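# Coordinate inspection notes
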Amino acid sequence: MQERHAQICYMVMRINLDCNGCCRKMRRILLNMKAIETHLIEKQQRRGIVAGRFRPSDVAIKIRKKMNRRVEIVEIQEQSEDNIEQADQRPMISTY
């Protein structure tokens, strides 16, 4: 079980966000969840992207209960700690 929480998950979910009030409610729910490190809400594409140390099914269920809307998990990517450390060691090259 600890190994599951050691991984960082990126999850894309589809949810019907009709208005700005729905987006604010979704944002408030995501900010109150301790396991989520970053999030992105795209109202036009009707999807939310979250990243952090969580179980994707738990996050989807919690959003479903709080928003009272259907949540569809579109994509899940998992990265282990080793991959993250290797990515951090690469030099950053930026072009302007």
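Every chain's residues receive numbers from 1 upward, in the order its sequence appears when written. Owing to the predicted nature of the model, reporting of local features is limited to residues with pLDDT of at least 70; listing and counting of side-chain atom pairs is limited to 80 or more, with chain, interface and lining totals taken over all residues. Water and hydrogen atoms play no part in the side-chain values, which are based on all heavy atoms of the structure.

The name that an unreviewed UniProt entry assigns to the chain is Heavy metal-associated isoprenylated plant protein, with the source organism given as Melia azedarach.

Below, the discussion takes up the pattern of salt bridges. A side chain of one charge can pair with a side chain of the opposite charge when the charged atoms of the two come close. The working definition used for a salt bridge is a side-chain nitrogen of Lys or Arg within 4 Å of a carboxyl oxygen of Asp or Glu. All chains considered together, the criterion is met by six salt bridges. One salt bridge connects Glu 72 with Arg 14, and the closest N-O pair in it is separated by 3.3 Å. In this pair, Glu 72 sits in strand E4 (residues 71-79) while Arg 14 sits in strand E1 (residues 8-15), placing the two residues 58 residues apart along the sequence. Of the residues examined, Glu 72 reaches a relative accessible area of 36% and is grouped as partly exposed. Partly exposed describes any residue whose relative accessible area lies between the buried limit of under 20% and the exposed limit of over 50%, with all areas from a 1.4 Å probe on protein chains only and scaled to the type maximum. For Arg 14, a relative accessible area of 41% gives the class partly exposed. Asp 18 is paired through a salt bridge with Arg 46; the nearest N and O atoms lie 3.8 Å apart. Separated by 28 residues along the polypeptide, Asp 18 in the loop between E1 and helix H2 (20-32) and Arg 46 in the loop between strand E2 (36-42) and strand E3 (47-52) bring together distant segments of the chain. Residue classification places Asp 18 among the partly exposed residues on the basis of a relative accessible area of 46%. It is possible to trace a salt-bridge network through shared partners that takes in Asp 18, Arg 46 and Arg 69. We count a stretch as a helix when DSSP gives it H or I for four or more residues in a row; a strand needs E for two or more, and each element gets its number in order from the N terminus.

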